[in-house]
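Chains, contacts and geometry: an overview
The primary structure of each chain is shown beneath.
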Amino acid sequence: MKKPELIVQSATAWELHGRVDFADAPELAAAFEPLAQQSYTLDLKAATGGAPLLLVLLAWCRQARAVGADLQLTRASQGLQRLLALSDLERLLPLDQG
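Figured I'd write up the structure that's included with this text.

How each quantity is defined
- Residues numbered from 1 in each chain as written.
- Predicted model: local features only at pLDDT ≥ 70, side-chain atom pairs only at ≥ 80, totals over all residues.
- Heavy atoms only, no water.
- Axes fitted to C-alpha atoms, helices over the stretch in contact; angles between N-to-C directions.
- Helix = DSSP H or I, 4+ residues; strand = E, 2+ residues; numbered from the N terminus.
- Parallel < 35°, antiparallel > 145°, perpendicular 65-115°, else oblique.
- Contact = heavy atoms within 4.5 Å.
- Nonpolar A, V, L, I, M, F, W, Y, C, P; charged D, E, K, R; others polar.
- Buried < 20%, exposed > 50% of the residue type's maximum accessible area, 1.4 Å probe, protein only.
- Pairing = 2+ DSSP bridges.
- Salt bridge = Lys/Arg side-chain N within 4 Å of Asp/Glu carboxyl O.

To continue, consider the packing of helix α2 (residues 51-66) against helix α3 (residues 78-87). Two numbers describe how α2 lies on α3: the axes approach to 11 Å, and their chain directions differ by 75°. When the interaxial angle is binned, α2 and α3 end up roughly perpendicular. The residues of α3 that touch α2, namely those facing A51, L53, L54 and L57, are L80, L83, L84 and S87. Taken together, the residues of the contact of α2 with α3 sort by class into 7 nonpolar, 1 polar and no charged.

This is the structure in structure tokens:
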């Protein structure tokens, strides 16, 4: 199975492609190294993975907050949106519903 990819569109705009599983989660979580006071956008249209994906996103949000950066998640799948709602994590993950 192909590993998920974090694709850099610009210095502050990224896309996540592929299915995240538990084996990929630690490496993927470490791939995001936000700079202080920056605003980042992460497009999730091509990302899947349920709980492992959720763990990576939570790690990225925690890393961003630790340095005073902003991370906006966009174009999440309906499945991920449902998972966030069911787990009551909507308030922790900055998901753009637009």
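It is worth spelling out unusual backbone geometry at this point. The phi dihedral of R75 falls on the positive side, at around 50°, and the residue is not glycine. Inspection of the secondary structure assignment puts R75 in the loop between β5 (70-74) and α3. The backbone phi angle of D88 is positive, close to 60°, even though this residue is not glycine. Turning to its location among the elements, D88 is positioned in the loop between α3 and β6 (95-96). Looking at D88, the relative accessible area reads 48%, which means it is partly exposed.

A few words on the pairing of strand β3 (residues 39-43). In terms of strand pairing, strand β2 (residues 13-19) meets β3 through 3 bridges, oriented parallel. The partner of W14 across the bridge, within β3, is L42.

Next up on the list: the pattern of salt bridges. Counted under the stated rule, the structure contains 3 salt bridges. The closest approach of N and O atoms between D24 and K3, which form a salt bridge, is 3.3 Å. With D24 in the loop between β2 and α1 (25-30) and K3 in the segment before β1 (5-8), this pair connects stretches of sequence that are 21 residues apart. For D24, a relative accessible area of 10% corresponds to the buried category. Among the residues examined, K3 registers a relative accessible area of 47% and is labelled partly exposed. Salt-bridge contacts for E27 lead to K3; the nearest nitrogen and oxygen are separated by 3.7 Å. Taken together, the positions of E27 in helix α1 and K3 in the segment before β1 put the pair 24 residues apart, joining distant regions of the chain. The exposure class assigned to E27 is exposed, which follows from its relative accessible area of 56%. One continuous salt-bridge network, built from bridges that share partners, spans K3, D24 and E27.

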